[in-house]
Amino acid sequence: MTVERTIKQRLDEDGYVVIDGMVSDQELVALRAAADRAWKLRRVVGVQFPPWNETCMRTCGESSTLCIPDLQEPEFAKWYGCDKLLDVVCEILDSKEHELQLELFNMLINPAHKDFALEWHRDDVKPEVEAEEEIERLAIPHYGTQWNTALYDDACLYIIPKSHNRIRTPEERDININDPLCMNMPGAIAVELKAGQTVFYNNNIMHRAVYDKSKKRATLHGCMGTVLGGPHRARNILQHGVAWMREERFKHTLPPRLYPLYDNLISLANQNEGKELGFSQ
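Here the structure is a predicted model, which means the values were calculated and not measured. (Residues numbered from 1 in each chain as written. Predicted model: local features only at pLDDT ≥ 70, side-chain atom pairs only at ≥ 80, totals over all residues. Heavy atoms only, no water.)

A. The arrangement of the layout of surface pockets in detail. By volume, the second largest pocket is sized at about 370 Å³. Lining the second largest pocket are 20 residues, and of these D12, I92, L93, H142 and G144 lie nearest its centre. Of all the secondary structure elements, the ones that give two or more residues to the lining of the second largest pocket are α1 (7–14), α4 (83–93) and β6 (144–150). (1 Å grid on protein atoms, 1.4 Å probe; cavity = no way out; pocket = protein on both sides within 12 Å on 5 of 7 lines; lining within 4 Å. Points joined across faces, edges and corners; volume = space filled by probe spheres on them. Helix = DSSP H or I, 4+ residues; strand = E, 2+ residues; numbered from the N terminus.)

B. Seen up close, the packing of aromatic side chains. Applying the stated criterion across every chain, the model contains six aromatic pairs. Ring geometry for W147 versus F200: centroids 5.6 Å apart, planes at 45°, classification tilted. Residue W147 is located in strand β6, and its partner F200 is located in strand β9 (residues 198–201); the two are separated by 53 residues in the primary sequence. Each member of the pair, W147 as well as F200, carries the same accessibility label: buried. One aromatic cluster is present, built from ring pairs that chain together W79, Y80, F105, W147 and F200. Taking NZ or CZ as reference, R217 lies 4.8 Å from the ring centre of Y211, over its face. Of note, K251 hangs over the ring of Y259, and the distance from its end group to the ring centre comes to 5.1 Å. (Phe/Tyr/Trp six-rings, centres within 6.5 Å; stacked < 30°, edge-to-face > 60°. Buried < 20%, exposed > 50% of the residue type's maximum accessible area, 1.4 Å probe, protein only. Lys NZ or Arg CZ within 6 Å of the ring centre and 35° of its normal.)

C. Quick look at the side chain of H121. Secondary-structure assignment places H121 in the loop between β5 (116–117) and α5 (131–138). Taking the relative accessible area as the measure of exposure, H121 reaches 7% and is therefore buried. Separated by 3.1 Å, the side chains of H121 and D123 make a polar contact. (Polar contact = N/O pair within 3.5 Å; in protein donor to acceptor, adjacent residues only side chain to side chain.)

This is the structure:
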């Protein structure tokens, strides 16, 4: 008799898990309309990791954080704080809701003018590290999870299943360092999402993305962590910059249910203020 694995088991074992039902038909209509309006405040970045500045503004499609007050689109924050999402995050992180931490929430969009691709990478392990350091970095608990929720069919994300808990093979390492845009990575698959589906994935799985300008993309990309993460979570999140989130008007764009999660994030920022946390890449 085959026992069906839980969401957490599938994520822990495979490095990713695709889930149906995270967005209702009614929510999908509302979020698509909000996404179309949000296009006007998109940002473009020409490098895939921070720090970002004016000199790197080029071609990669990304709509800036979806809870920014000037956006005036409450549907995004409403969904970020919905039962379905928070319940799954609590299961994955084995946490209570009051232990969760508000983190990043933006939208991945198709480029306007030319195709774009992200290199093969792990979010928190640099390509050049040797095996010993790679093992050490992969052993650090994440205290967080991240996801993509597709508002339209999306097959932009490529991963190597189960690569989140092992060192790279010599061939993978060579491609990662010397040919990071390679489309022939051994064992790689495209994660094909239908509209409304969500993929949660370990951010240290080997992954990349390929953006096609001709295919409409509006994919909600977010993450949440827990208060247990401390300095490990701090670097991962605070490198993106959260100073603007200290404003009261930002807090008031959130549904009250997310206030404790917001307070946890600000507490993390306060604890690490003035510290040189560095960058993941």
